[in-house]
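Chain by chain, the residues:
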Amino acid sequence: KAGVTQTPRYLIKTRGQQVTLSCSPISGHRSVSWYQQTPGQGLQFLFEYFSETQRNKGNFPGRFSGRQFSNSRSEMNVSTLELGDSALYLCASHGGRAADTQYFGPGTRLTVL
Amino acid sequence: GNSVTQMEGPVTLSEEAFLTINCTYTATGYPSLFWYVQYPGEGLQLLLKATKADDKGSNKGFEATYRKETTSFHLEKGSVQVSDSAVYFCALSDVSGGSNYKLTFGKGTLLTVNP
């Protein structure tokens, strides 16, 4: 089975721009979660989608948004980028059952200049 | 709320040394516990997991036992190799109380193994 894929792997943007990141989950997985990883804050949960519905949201401003499509692929969008948004953004897919494990993609490294 | 505390790094060991990375947690409900590993420039890989008290997770020589009485999930390996050099994250997933599979992570422990 193919793993979780994320595109692009690297991205450079300037302050004020917006960005869209993409995640394709493992085939058959209906849940996708997004995490932000920074040296200062560590790994922080952004949101989770299941069957195209946002089920859970972390403590991030409204500039961070996401969506999930009918094929379970997910995108996250960050508008009006700030320098502090520079981070590794990780996507994880999950079968949707309580005992299932989350499998992570390689991440998208976003640098905001 | 849920939280995970793991020992501060970095940890530097010689090859074949014994490894322990401590992890304790606070959670409502009945969490599942995980250890993930992150190699340089990569995402997270699941190393092992345990879903209920007294379960032992194991993989690639690493072990961790879910101890409910001490709320701990310490990672151990009897003989580390240079290839084990990475950052290790302890995490919990608590599906009770409507948290819906959100993972809460510790800060990570950088392990360096020297030949």
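What counts, and where the lines are drawn
Residues numbered from 1 in each chain as written. Chains lettered and ligands numbered in written order. Predicted model: local features only at pLDDT ≥ 70, side-chain atom pairs only at ≥ 80, totals over all residues. Heavy atoms only, no water. Core = buried A, V, L, I, M, F, W, Y, C linked by side-chain atoms within 4.5 Å. Buried < 20%, exposed > 50% of the residue type's maximum accessible area, 1.4 Å probe, protein only. Helix = DSSP H or I, 4+ residues; strand = E, 2+ residues; numbered from the N terminus. Contact = heavy atoms within 4.5 Å. Phe/Tyr/Trp six-rings, centres within 6.5 Å; stacked < 30°, edge-to-face > 60°. Lys NZ or Arg CZ within 6 Å of the ring centre and 35° of its normal. Pairing = 2+ DSSP bridges. Axes fitted to C-alpha atoms, helices over the stretch in contact; angles between N-to-C directions. Salt bridge = Lys/Arg side-chain N within 4 Å of Asp/Glu carboxyl O. Disulfide = S-S within 2.5 Å.

Peer 1: Would you mind going over the nonpolar core with me for this structure?
Peer 2: Soluble globular proteins: nonpolar side chains tend toward being buried together. In this structure, W35, L48, F73, L75 and Y88 of chain B are the most contacted members of the largest nonpolar core, which totals 25 residues. Of all the secondary structure elements, the ones that give two or more residues to this core are β2 (11-14), β3 (19-21), β4 (23-26), β5 (32-38), β6 (44-50), β8 (62-65), β10 (86-93) and β12 (109-114) of chain B. Apart from residues no more than four positions distant in its own chain, L75 of chain B is found in contact with L19, T20, I21, W35, L47, L48, F62, E63, A64 and Y88 of chain B. I26, W34, F60 and V78 of chain A belong to the second-largest nonpolar core, a separate cluster that totals 21 residues.

Peer 1: Any chance you could explain the packing of aromatic side chains here in plain terms?
Peer 2: Each aromatic ring pair is described using two quantities: the centre-to-centre distance and the angle formed by the ring planes. Under the criterion given, the structure shown has 12 aromatic pairs over all chains. Note on F104 of chain A and F105 of chain B: the rings are 6.1 Å apart at their centroids and 70° apart in plane angle, and the pair reads as edge-to-face. In this pair, F104 of chain A is assigned in strand β10 (residues 103-104) and F105 of chain B in strand β11 (residues 103-105), connecting two distinct chains. Note on F104 of chain A: relative accessible area 10%, which makes it buried. For the pair Y36 of chain B and F105 of chain B, a centre-to-centre distance of 6.0 Å together with 55° between the ring planes defines the contact as tilted. Of this pair, Y36 of chain B sits in strand β5 while F105 of chain B is found in strand β11, placing the two residues 69 residues apart along the sequence. Among the aromatic residues, those joined into a ring-pair cluster are Y35, F45 and F104 of chain A together with F34, Y36, F89 and F105 of chain B. Looking at R55 of chain A, its charged tip hangs above the ring of F50 of chain A, at a distance of 4.3 Å from the centre.

Peer 1: Even after reading the chapter, I still don't get the sheet that holds strand β1 (residues 5-7) of chain A, so can you show me in this structure?
Peer 2: Backbone-to-backbone hydrogen bonds pair the strands of a sheet. The strands run either parallel or antiparallel. Residues and elements named next belong to chain A. Sheet architecture is open: four strands sit in the order β1-β3-β8-β7, paired in antiparallel fashion. In this open sheet, the two edge strands, each paired with only one partner strand, are β1 and β7 (64-68). Taken over all neighbouring pairs, the strand axes of this sheet differ in orientation by 20° on average, direction set aside. Looking at chain direction, β1 and strand β3 (residues 19-24) are connected through three bridges and run antiparallel. Bridge pairing in β3 links T5 to S24.

Peer 1: What am I meant to see in the pattern of salt bridges here?
Peer 2: One side chain can pair with another of opposite charge once the charged atoms of both are near each other. Summed over the entire model, instances satisfying the criterion amount to eight salt bridges over all chains. R73 of chain A is the partner of E75 of chain A in a salt bridge, and the nearest nitrogen-oxygen pair spans 3.3 Å. A relative accessible area of 16% places E75 of chain A in the buried class. With its nearest N and O atoms 3.3 Å apart, the salt bridge here joins D55 of chain B to K52 of chain B. Residue class for K52 of chain B comes out exposed when judged on its relative accessible area of 51%. Each of the salt bridges in this network shares a partner with another, and the network as a whole consists of R63, E82 and D85 of chain A.

Peer 1: Looking at this model, I keep getting lost on the state of the cysteines. Mind explaining?
Peer 2: The tally for this structure, following the rule as stated, stands at two disulfides over all chains. Here C23 of chain A connects covalently by a disulfide to C91 of chain A, the sulfurs 1.7 Å from one another. Its torsion about the S-S bond being -50°, the disulfide of C23 of chain A and C91 of chain A is classed as left-handed. In this pair, C23 of chain A sits in strand β3 while C91 of chain A sits in strand β9 (residues 87-94), placing the two residues 68 residues apart along the sequence. A single burial state applies to C23 of chain A and to C91 of chain A, both of which are buried. One disulfide in the model links C23 of chain B with C90 of chain B; its S-S distance is 1.9 Å. Its torsion about the S-S bond being -70°, the disulfide of C23 of chain B and C90 of chain B is classed as left-handed. Residue C23 of chain B is found in strand β4, and its partner C90 of chain B is found in strand β10; the two are separated by 67 residues along the sequence.

Any functional reading would require information that these geometric values do not contain.
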